[in-house]
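# Fold and geometry: a report
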Amino acid sequence: MGVFLLKPITIKEIARMANVSCATVSRTLNGGPGVSQELRTQIFQLCRQHGYRKNLVARRLSASHSGLIGCILSDMNNPLFAEFALALEKAAHCLGLQVMFCQSQVENPNFSRTLELLIGHRVDGVILASSSRQVQEAIRPYADRIPMVIQGMLSPDVTGIPAVSVDCAKAGREVARYFYQLGHRRAAFLGLRENNSAMCQRYRGFSEMAAELGISVRAVVNPEQRSTTNVGYQLGRHLLFDGMRETAIFAGSDNVALGFLAAAREFCVSVPEEVSLVGFDNISHAAMHHVRLTTFDPGNQVLAEQSLQRLLRCLEPGGGGQETLLIPPVFVERNTCAPPARTRQEA
């Protein structure tokens, strides 16, 4: 009995399935312009589904490159970073690359040791998943040593560092309009981390649009360096204990929102009947049947693919100096928002 080997799929077949030209598929995998986000996602999905791998190391990069990419995640206990890591690994596999993951926060004194570790393992470049305001200072000593791309929001005054981020300010504006349309006129932003550029941009977009619409906003600051469910629980307890008059809450992350839900149950405050709640990140827990949290999906697969493409362009001659690429988040409406109860409107 003979053994039959499956013939490797070609770029021509990927193009046929996507109903585009081979040039479009090639441009997509090379991170080139002129390809819509929807088509880009479709092509990457087809490549993963059918096992098409493009050896960029052999074709685009010099023989001195290893084909190994480093990735530093701020908090592997956070489902958001775990889901991004999975998406990045899929994108890298599709391009014939490997990823070495590490955990460290740029505020950590040992952050430089993490970068040195990756450099010691001869990674071709590093993707740093962080929105800390200290990113620029932390990576400055390594600017000439290794190509680096930030997956996260940089401070508005930072330029010249390639970055891929969710458009957090846009999400904040959308939440304010959403609350206004539901009839809310008092709201809180729960879990503001003032050293986190992404969080600050969410709050800025939310508070500025709320002010235009006549919604009063109270910011509840998170003094920790992480946005955990315990932080959300503690902040929620303080908010509810003080006799909260707000009828809507925009949580800085899904973890904070889930923590607030636990506090609300403890105080016998019903969501969404008494208070509406919106999160951010669309982690897997947010979709569970007993939660059904209204939130924003940051598009981890798109973020991973674009971060990787930007890093690969940095490895080419003259490939640096790229500005921040903003990815629009997708609003996911579930069961945690409703018009305010009349009694609370009249409070």
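Just above sits the structure.
## Quick look at the overall build of the protein
Helices and strands together make up the secondary structure of the protein, namely 13 helices and 12 strands. Looking at the protein residue by residue over its 347 residues, the buried ones come to 54%. In the protein, 73% of the contacts between residues at least 6 apart in sequence involve partners at least 24 apart. Here the protein displays about 16,100 Å² of accessible surface, and carbon together with sulfur accounts for 51% of that area.

## With respect to the environment of V220
Structurally, V220 is set in strand β7 (residues 216-221). If we skip the residues at most four places from it in the chain, V220 touches F189, L190, G191, L192, L235 and L239.

## Examining the packing of aromatic side chains
For the structure shown, the criterion picks out 9 aromatic pairs. Pairing F189 with Y203 gives two aromatic rings, centres 5.5 Å apart and planes at 70°, and the pair type is edge-to-face. A residue pair is termed long-range when its members are at least 10 positions apart, and F189 in strand β6 (residues 186-192) and Y203 in helix α9 (residues 197-213) qualify at 14 residues. By relative accessible area, F189 is classed as buried at 0%. The rings of Y178, F179, F189, Y203, F206, F250, F280, F296 and F331 are connected pair by pair, giving a single aromatic cluster. For the cation-ring pair, R202 lies above F280, with the distance from its terminal atom to the ring centre recorded as 3.8 Å.

## Re the pairing of strand β8 (residues 248-251)
Going residue by residue along β8, you find A248 and F250 tucked away on one face and I249 and A251 tucked away on the opposite face as well. Where β8 lies against strand β9 (residues 276-278), 3 bridges are found, and the strand directions are parallel. Following the sheet pairing, A248 is matched in β9 by S276. Where the polypeptide runs from β8 across helix α11 (residues 254-266) and back to β9, its parallel neighbour, the crossover connection is right-handed.

## Let's talk about the packing of helix α2 (residues 22-29) against helix α3 (residues 37-50)
When two helices pack together, their arrangement is given by the angle between their axes and by how far apart the axes lie. Where α2 meets α3, the axes come as close as 10 Å, and the angle between the chain directions of the two elements is 90°. Taken together, the axes of α2 and α3 lie roughly perpendicular to each other. In contact with T24, V25, T28 and L29 of α2, α3 contributes L39, R40, I43, F44 and C47. Here the contact of α2 with α3 is built from residues that sort into 6 nonpolar, 2 polar and 1 charged.

## Focus: the environment of N282
Tracing the backbone through its elements, the reader meets N282 in the loop between β9 and β10 (295-297). The exposure class of N282 is buried, given its relative accessible area of 17%. Between the alpha carbons of N282 and L80 there is a distance of 8.0 Å; along the sequence they are 202 residues apart. Look past the residues within four positions of N282 in its chain and what remains in contact with it is E83, D254, T295, F296, D297, P298, V332 and R334. One polar contact links N282 to R334, side chain to side chain, over a distance of 2.9 Å.

## Here's the deal with unusual backbone geometry
That bond from V271 to P272 is cis: its omega, 10°, falls within 30 degrees of zero. Note on placement: P272 falls in the loop between α11 and β9. A positive phi is found at D281, a non-glycine position, where the angle reads about 130°. Mapped onto the elements, D281 comes out in the loop between β9 and β10. Here N282, not a glycine, exhibits a phi torsion of approximately 50°, which is positive.

## Concerning the nonpolar core
In this structure, F84, F179 and L308 are the most contacted members of the largest nonpolar core, which totals 64 residues. Aside from chain neighbours lying at most four places away, what touches F179 is H184, R185, A187, F206, I215, A248, I249, F250, S276, V278 and C337. Among the nonpolar cores identified, the runner-up in size contains 25 residues, and L80, F260, L261 and V275 belong to it.

## Focus on the sheet that holds β9
Overall, parallel pairing links the 4 strands, which are arranged β7-β6-β8-β9 in an open sheet. Edge positions in the sheet fall to β7 and β9, since each has one partner strand and no second. Sheet twist, expressed as the mean angle between neighbouring strand axes with direction ignored, is 20°. Packed on one face of the sheet, helix α8 (residues 168-182) meets β6, β8 and β9 and runs near 165° to β8. Across the sheet, α9 touches β6, β7 and β8, and the angle it forms with β6 is around 170°.

Conventions and cut-offs
- Residues numbered from 1 in each chain as written.
- Predicted model: local features only at pLDDT ≥ 70, side-chain atom pairs only at ≥ 80, totals over all residues.
- Heavy atoms only, no water.
- Helix = DSSP H or I, 4+ residues; strand = E, 2+ residues; numbered from the N terminus.
- Buried < 20%, exposed > 50% of the residue type's maximum accessible area, 1.4 Å probe, protein only.
- Contact = heavy atoms within 4.5 Å.
- Areas by Shrake-Rupley, 256 points an atom, 1.4 Å probe, with all protein chains shown as cover.
- Phe/Tyr/Trp six-rings, centres within 6.5 Å; stacked < 30°, edge-to-face > 60°.
- Lys NZ or Arg CZ within 6 Å of the ring centre and 35° of its normal.
- Pairing = 2+ DSSP bridges.
- Right-handed = clockwise from strand over helix to strand, strands pointing away.
- Axes fitted to C-alpha atoms, helices over the stretch in contact; angles between N-to-C directions.
- Parallel < 35°, antiparallel > 145°, perpendicular 65-115°, else oblique.
- Nonpolar A, V, L, I, M, F, W, Y, C, P; charged D, E, K, R; others polar.
- Polar contact = N/O pair within 3.5 Å; in protein donor to acceptor, adjacent residues only side chain to side chain.
- Core = buried A, V, L, I, M, F, W, Y, C linked by side-chain atoms within 4.5 Å.

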